[in-house]
Amino acid sequence: MRALNLDQIRAFLAVARSGGMQKAAQHLNLTQPAVTTRIRKLEDSLGVALFERQTSGMKLTKRGELLLQYAEQFERLAGRVEEVVVAPEGIDRRLRVGASETVAQCWLPDFVYALHRRYPRLEVDINVDISVNLRAALLAREIDLAFLLGPISEYSVDNVALPGFELAWFVAADIADPGEGAHRLFENKPVISYARNTRPWRELKSQLFDAVGPDVSVFPSSSLSACFRLVEAGLGVAALPRVLGQKLVREGSIREFDPGWRPSELRFSASYLGDPHDHLVEAAAALSGSIAEAWHVENDTRAGREPIGPT
């Protein structure tokens, strides 16, 4: 017991939760040999085997299962000490953040700046991806905090509602409305959409079917920047976040048009695993809500619209 320490306990918990050394190493930002060494030293210190090495991964032994409940108590106690005793500027940890591109292009830089001011020694890893992948990564404990189309309806996940993004229809500025009405644009141009099998893509397909018919071509893309470039080039029309299109509208390369309907706004959440409780992740999620709301209010005010509150 003399060599038992918190690093070993964290390594033990990471392996127990992920089922493997490699995934645990990624979670802890360590090499696999370093994690293996910590587990071996913990087993030597306790004089028992904690895992059975199997081809499918690491399985807890009976002794390992007994240790698990005490290790979780160690973890909660360490987190409580960090929350109550350690000053924010003394917290030296890594926070793995996943964000959709919509968030990444809007208020994510402001969030990271505010987080760094509050926790100057905090290391922030950022992964930008589509929401379906971020959800999977969060549930697999590969990221700590996800800004995604939400909320996530899982008992293990806590969600903080974030302000929504209003969508608008965009077309290249040099393409005039057909004489029969703006809806005729759908007959002449494909609709450029969010990535396939995402919620916005699914909803847009359904709404286009109801409003226009079954013959509309939909071109999905996982890149918002690419969507706007395709619209600029006159290769299609798109329903995209209005706030992201404002700069291009002011520059005169694209314009809004009104076919008489538009998809519902994009609703985002800051989502994180509630067990084990992590005060830092919880505080970061709460901070993101404040930063996102302030960003939206500033941009709505700049655009001369009434501020949009959290959805």
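Remember, predicted model here, so these are calculated numbers, not experimental data.

Colleague: Where do I start with the pairing of strand S12 (residues 268–273) in this structure?
Modeller: Each regular strand shows side chains that alternate between the opposite faces of the sheet. Summarising burial for S12: six of the six residues are buried, a large majority. What you see with S12 is no split at all: Phe-268, Ala-270 and Tyr-272 on one side and Ser-269, Ser-271 and Leu-273 on the other are buried throughout. Summarising the sheet, strand S5 (residues 145–149) and S12 pair through four bridges and their orientation is antiparallel. Residue pairing in the sheet places Ala-146 in a bridge with Ser-271 of S12. Relative to S12, strand S6 (residues 157–161) runs antiparallel, the two being bridged by five bridges. Bridge assignment links Asn-159 to a residue of S12, and that residue is Ser-271.

Colleague: What is the right way to read the state of the cysteines from this model?
Modeller: Chemically, a disulfide is nothing more than a covalent bond linking the sulfur atoms of two cysteines. On inspection of all chains with the given rule, the structure shows zero disulfides. Left unpaired, Cys-106 is separated from the closest cysteine sulfur, that of Cys-227, by 14 Å. Residue classification places Cys-106 among the buried residues on the basis of a relative accessible area of 7%.

Colleague: Teacher, can you tell me more about the packing of aromatic side chains here?
Modeller: By convention here, two paired aromatic rings are described through the distance between centres and the angle between planes. Summed over the entire model, instances satisfying the criterion amount to nine aromatic pairs. Arranged with centres 6.5 Å apart and planes meeting at 85 degrees, the rings of Trp-107 and Phe-111 form a pair that is edge-to-face. Each member of the pair Trp-107 and Phe-111 is classed as buried. Ring geometry for Phe-165 and Phe-268: centres 5.5 Å apart, planes at 80 degrees, overall edge-to-face.

Colleague: I keep staring at a nonpolar patch on the surface and nothing clicks. Help me out?
Modeller: Together, Leu-77, Val-81, Val-85 and Val-86 make up a nonpolar patch on the protein surface, roughly 340 Å² of accessible area in all. When you line up the elements, Val-81 lands in helix H4 (residues 62–84). Judged by its relative accessible area of 40%, Val-81 falls in the partly exposed class.

Colleague: In this structure, what is going on with the environment of Trp-295? I would like to understand it.
Modeller: Note that Trp-295 resides in helix H12 (residues 279–302). Judged by its relative accessible area of 11%, Trp-295 falls in the buried class. As for Trp-295 and Phe-111, which are separated by 184 residues in sequence, their C-alpha atoms are 9.7 Å apart. Among all residues touching Trp-295, those that are not within four sequence positions of it are Cys-106, Trp-107, Asp-110, Phe-165 and Val-243.

Colleague: Teacher, can you tell me more about the side chain of Glu-43 here?
Modeller: Structurally, Glu-43 is set in helix H3 (residues 32–46). Of the residues examined, Glu-43 reaches a relative accessible area of 12% and is grouped as buried. Among the polar contacts made by the side chain of Glu-43, one reaches the main-chain amide nitrogen of Phe-51 at a distance of 3.5 Å. Beyond its immediate stretch of four places on either side in the chain, Glu-43 contacts Val-48, Ala-49, Leu-50, Phe-51 and Arg-53.

Colleague: I'm lost on the packing of helix H1 (residues 6–18) against helix H2 (residues 21–28) in this one. Help?
Modeller: Axis angle and axis distance: for two packed helices, these are the angle between their axes and the distance between the axes, and together they describe the pair. For the pair H1 and H2, interaxial distance at closest approach is 8 Å and the crossing angle is 125 degrees. In terms of their interaxial angle, H1 and H2 are classed as oblique. In the crossing of H1 with H2, the sense of the turn from one axis to the other is right-handed. Where H1 abuts H2, its residues Arg-10, Ala-11, Ala-14, Val-15 and Ser-18 lie against Met-21, Lys-23, Ala-24, His-27 and Leu-28.

Colleague: Would you mind showing me how to read the sheet that holds strand S11 (residues 254–257) here?
Modeller: Sheets are built from strands paired through backbone hydrogen bonds, the pairs being either parallel or antiparallel. What the five strands build is an open sheet, ordered S9-S8-S10-S7-S11; its pairing is mixed. Single-partner strands in this sheet number two, and they are strand S9 (218–220) and S11. Going across the sheet, the axis of each strand differs from the next one's by a mean of 40 degrees, ignoring polarity. In this structure, strand S8 (residues 191–193) lies alongside strand S10 (residues 237–241), joined through two bridges in parallel fashion. In the sheet register, Val-191 faces S10, and the bridge partner there is Val-237. The strands that helix H10 (residues 224–232) touches are strand S7 (167–172), S8, S10 and S11; relative to S10, the one it contacts most, it runs at about 140 degrees.

Rules of the game
All residue numbers here refer to positions counted from 1 along the written sequence of the relevant chain. For a predicted model such as this one, the threshold for reporting local features is a pLDDT of at least 70, and the threshold for listing and counting side-chain atom pairs is 80 or more; totals across whole chains, interfaces and linings nevertheless cover every residue. Only hydrogens and water are removed before side-chain values are computed, so all heavy atoms of the structure are retained for them. Accessibility here uses a 1.4 Å probe with only protein chains present; expressed as a share of the type maximum, an area under 20% marks a residue as buried, one over 50% as exposed, and anything in between as partly exposed. Strands here mean DSSP runs of E at least two residues long; helices mean DSSP runs of H or I at least four residues long; both are numbered from the N terminus. Strands are treated as partners if at least two bridges between them are detected by DSSP. Cysteine sulfur pairs qualify as disulfides if the two atoms are within 2.5 Å. Between rings of Phe, Tyr and Trp, where Trp is taken as its six-membered ring, a pair exists when centres lie within 6.5 Å; planes separated by under 30 degrees are stacked, by over 60 edge-to-face, and by other angles tilted. By definition, no residue in a patch forms a salt bridge, and every one has over 30% relative accessible area; like charges are joined within 9 Å, nonpolar side chains (Val, Leu, Ile, Met, Phe, Trp, Tyr) within 5 Å. A 1.4 Å probe and the Shrake-Rupley method give the accessible areas. Residues count as covered only by the protein chains that appear here. The rule for a salt bridge is simple: a side-chain nitrogen of Lys or Arg has to be within 4 Å of a carboxyl oxygen of Asp or Glu. By definition in these notes, contact holds between two residues if any of their heavy atoms fall within 4.5 Å. In protein, a polar contact means a hydrogen-donor-capable atom and an acceptor-capable atom, both N or O and within 3.5 Å, with residues adjacent in sequence counting only if both atoms are side-chain atoms; elsewhere, any N or O pair within 3.5 Å suffices. As a rule, the C-alpha atoms of each element are fitted with a line to give its axis, helices using only the stretch in contact, and angles between N-to-C directions run from 0 to 180 degrees. If an angle is under 35 degrees, it is roughly parallel; if it is over 145, roughly antiparallel; if it lies from 65 to 115, roughly perpendicular; otherwise it is oblique. We call a crossing left-handed when the near helix sits turned anticlockwise from the far one by less than a right angle, and right-handed when that turn is clockwise.

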